[in-house]
Amino acid sequence: MARMHRFRKAPREALLVWQAVSLGGVLAALSLAPASVAVFTEAPRWLVWLGILVAAAMLGRLLWSGHTVGSAIRADRRRHRDLVDLLGTHADPVHGTQVRVLAHPTPTAYCLPGLRRRVVLSEGALTALPSDELTAVLAHERAHLRARHDLVLEFFTVLHRSAPPWLRAPQALREVRLLIEVLADRAARRAAGEVPLARALVTLARGAHPQEALAAGGGPGGESTTAARMALLAQPTAGFGMRLVMTAFGLLVVAAPVVLLVMTLV
Amino acid sequence: MARKSINRLGELERAVMETVWAMTTPERRSVSVREVHQALSTTRDIAYTTVMTVMGRLAQGGLLSRQRSGRAYLYAAVGTREELTASTMREQLNAVSGEDRRAAILHFLDDASADEISELKAALAEVEARQSTSIGKGSKGVRP
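Keep in mind that what you see is a predicted model, and the values were worked out from it rather than measured.

Novice: In this structure, what is going on with the overall build of chain A? I would like to understand it.
Specialist: Of regular secondary structure, chain A possesses 9 helices and 4 strands. Ordered by position from N to C terminus, the α and β elements of chain A give α-α-β-β-β-β-α-α-α-α-α-α-α. Sorting the 266 residues of chain A into buried and exposed places 47% on the buried side. The contacts of chain A with a sequence gap of at least 6 include a subset with a gap of at least 24, amounting to 68%.

Novice: Looking at this structure, I do not really get helix α4 (residues 131–146) of chain A. What am I missing?
Specialist: For the α-helix, the turn length of 3.6 residues means that residues three or four positions removed from each other point alike. Residues and elements named next belong to chain A. For α4, with 16 residues, the first-to-last C-alpha span of 22 Å sits near the 22 Å given by 1.5 Å per residue. For α4, the buried fraction is high: 12 of the 16 residues fall into the buried class. Of all the positions in α4, only Glu133, Leu134, Ala136, Val137, Leu138, Ala139, His140, Glu141, Arg142, Ala143, His144 and Leu145 are classed as buried.

Novice: How should the confidence of the model for chain A be read in this particular structure?
Specialist: Low pLDDT marks stretches whose predicted atomic positions should not be read closely. For chain A, mean pLDDT is 83; residues scoring 70 or higher make up 89% of the total. Below pLDDT 50 for its whole length, residues 212–221 of chain A participates in 14 contacts with residues either more than four positions away or in separate chains.

Novice: Before we go on, may I ask you to explain the interface of chain B and chain A in this structure?
Specialist: The parts lose accessible area when they come together, and the size of an interface is often stated as this lost area. Contacts between the two partners involve 46 residues from chain B, matched on the other side by 65 residues from chain A. Between the two partners, chain B and chain A, sit 2 salt bridges. Residue Glu91 of chain B pairs with Arg79 of chain A through a salt bridge whose shortest N-O separation is 2.8 Å. Viewed at the interface, chain A and chain B are joined by 13 residue pairs in polar contact (both at pLDDT 80 or more). Mapped onto the side of chain B that touches chain A, the elements with two or more residues apiece are α1 (2–23), α4 (81–94), β4 (106–107) and α5 (117–136) of chain B. The element that contributes the greatest number of residues to the side of chain B that touches chain A is α5 of chain B, accounting for 11 residues.

Novice: Got a minute to help me understand the nonpolar core in this structure?
Specialist: Within soluble globular proteins, side chains that are nonpolar tend to cluster in buried spots. Judged by nonpolar contacts, the single largest core of 85 residues is most densely connected at Met230 of chain A together with Met17, Met55 and Leu64 of chain B. Take this core: its biggest share by element is 8 residues, from helix α7 (residues 194–208) of chain A. Among residues more than four places away in sequence, those in contact with Met230 of chain A are Ala198, Leu201 and Val202 of chain A together with Leu120, Ala123 and Leu124 of chain B.

Novice: Got a minute to help me understand the pairing of strand β2 (residues 97–102) of chain A in this structure?
Specialist: Working note: regular strand, side chains alternate between the two faces of the sheet. Residues and elements named next belong to chain A. Of all 6 residues in β2, 5 are buried; the element is thus mostly enclosed. Across 4 bridges, the pairing between strand β1 (residues 89–94) and β2 is antiparallel. Along β2, the bridge assignment pairs Val94 with Thr97. The hairpin formed by β1 and β2 contains 2 residues between the paired strands, and His95 there has a positive phi angle of roughly 50°.

Novice: Any chance you could explain the sheet that holds β2 of chain A here in plain terms?
Specialist: Remark on secondary structure: sheet strands pair via backbone hydrogen bonds, oriented parallel or antiparallel. With respect to topology, 5 strands assemble into an open sheet ordered β1(A)-β2(A)-β4(A)-β3(A)-β4(B), the strand pairing being mixed. Two strands bound the open sheet, and with one partner strand each, they are β1 of chain A together with β4 of chain B. Of the strand pairs in this sheet, strand β3 (residues 109–112) of chain A and strand β4 (residues 118–122) of chain A are connected by 4 bridges, and their pairing is antiparallel. Following the sheet pairing, Ala109 of chain A is matched in β4 of chain A by Leu121 of chain A.

Cut-offs applied
- Residues numbered from 1 in each chain as written.
- Chains lettered and ligands numbered in written order.
- Predicted model: local features only at pLDDT ≥ 70, side-chain atom pairs only at ≥ 80, totals over all residues.
- Heavy atoms only, no water.
- Helix = DSSP H or I, 4+ residues; strand = E, 2+ residues; numbered from the N terminus.
- Buried < 20%, exposed > 50% of the residue type's maximum accessible area, 1.4 Å probe, protein only.
- Contact = heavy atoms within 4.5 Å.
- Expected span 1.5 Å × (residues − 1).
- pLDDT = per-residue confidence, 0-100.
- Salt bridge = Lys/Arg side-chain N within 4 Å of Asp/Glu carboxyl O.
- Polar contact = N/O pair within 3.5 Å; in protein donor to acceptor, adjacent residues only side chain to side chain.
- Core = buried A, V, L, I, M, F, W, Y, C linked by side-chain atoms within 4.5 Å.
- Pairing = 2+ DSSP bridges.

And the structure:
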C-alpha cells in the first residue's frame, strides 16, 4: 500500500485506512488463538485456556510497548521543552500557541506536541524566511499541534515496536509520517498559498545544508519525504468518491476481524 | 492556577540561570545558593529555600553542576547560554534520525538531503510557473 501514491492526494482518508488496517491486523492477531481453538467443537479445556493465554500475552506486549514508547516520548519532549523555555526567547504566541526562538544561525522549525505545546524556531529560520513563508511554516506546525498528529505517529510507533521484526514494515511508518506532513501542508497551503509553502520548504532545506552538493537526483533512500511533499503541493485533494471508498474500506477492515471472531465463537 | 505556577517556575529557572551566567567568570566558575539569592533579592521578593529548590532542579536537569564545599553546595553552569543553545539545536536535529524520537518532536522539514536541493528547486520553479499561468488565465485555484 505504501507504493500507491495516488492515495496521498487524500491524506486524511489515507491515514484513516492505515490506522484501520493496523487496528484490524491487531484485532485479527489477537483473536487468532481463541478463534482457532473455538473451531474444534470438542476442544479440551486446557486448549481453550491456552488460546486465551496467547491472546492475553499479545495484548500485554502491545500495552507494555505502548507504555514504554509513550513514556519515553513524553520524557524526551518534557526535557526538550524545559530547555527551549529556558534558553529560547519568548516570542508572541501565535493563535494561543507559545513560540520560542533559539539564538542559532541554522534555520530550523519544529513543534513539541502535548498539553504544554510549543512551536520552536531558530533565529536562522526567522532571518531566512520572509513573512509569507513564515506564515506557511507556522500554519504547518499549528496544524500538527491542533490535530494531535503526534498521537497518530505514536500509535504507529507502538505497533511497529510491538510487532515481531519479520512483521515490521518500516515503509509503512515512513508513509504515515509523510501523510501527516501532507495533511499539515494542506493547512499551510490554505493559510498562505502553495508558492510560499514551496519556497519555505526549499529555503529551510538549503539552510540545513549550506554546502550544496552537486549531484542531482534522489538520495540512496529513494524518494524523500520532502520531494514527495513538493510534488503533492500543487495537487488538489482527491474526489469525494475516492475518499468515500477509502473511508468505507477502512471501516470494513476493522469490522471484518470482529465479525469473523463473533461468527466463530457463536 | 496550576498553569500559572508552572509558568512562574519556568520564569524563575530562567532568572536563576541568567544570574549564574552573569556571576560566573572563567576565574570564578561556581556560586553558592546564598549568592544567587542575594543577587535575585535586589529585583524580586524571593525566599532562600525557593532559590535552593530551583537550583536543585536545574542540577537534576543537567544544566548546573554542583559540588560540595563545606556545609553547602557550589553550583556552576555546565555551559554558556550559547553552548547550551547549540547543544539543544543539535539534539533536535539528531531527533530526525531516531525512530522513537521522531514522534517526540515534529519537524517542518523531515529529511531533505543535500543531494536533492537542486531537485527541490526545480520542483519549486514548476509550482511557481503553474501559479503564474493559472493567475494569467484568471482562475485562482490550484488546478494544474
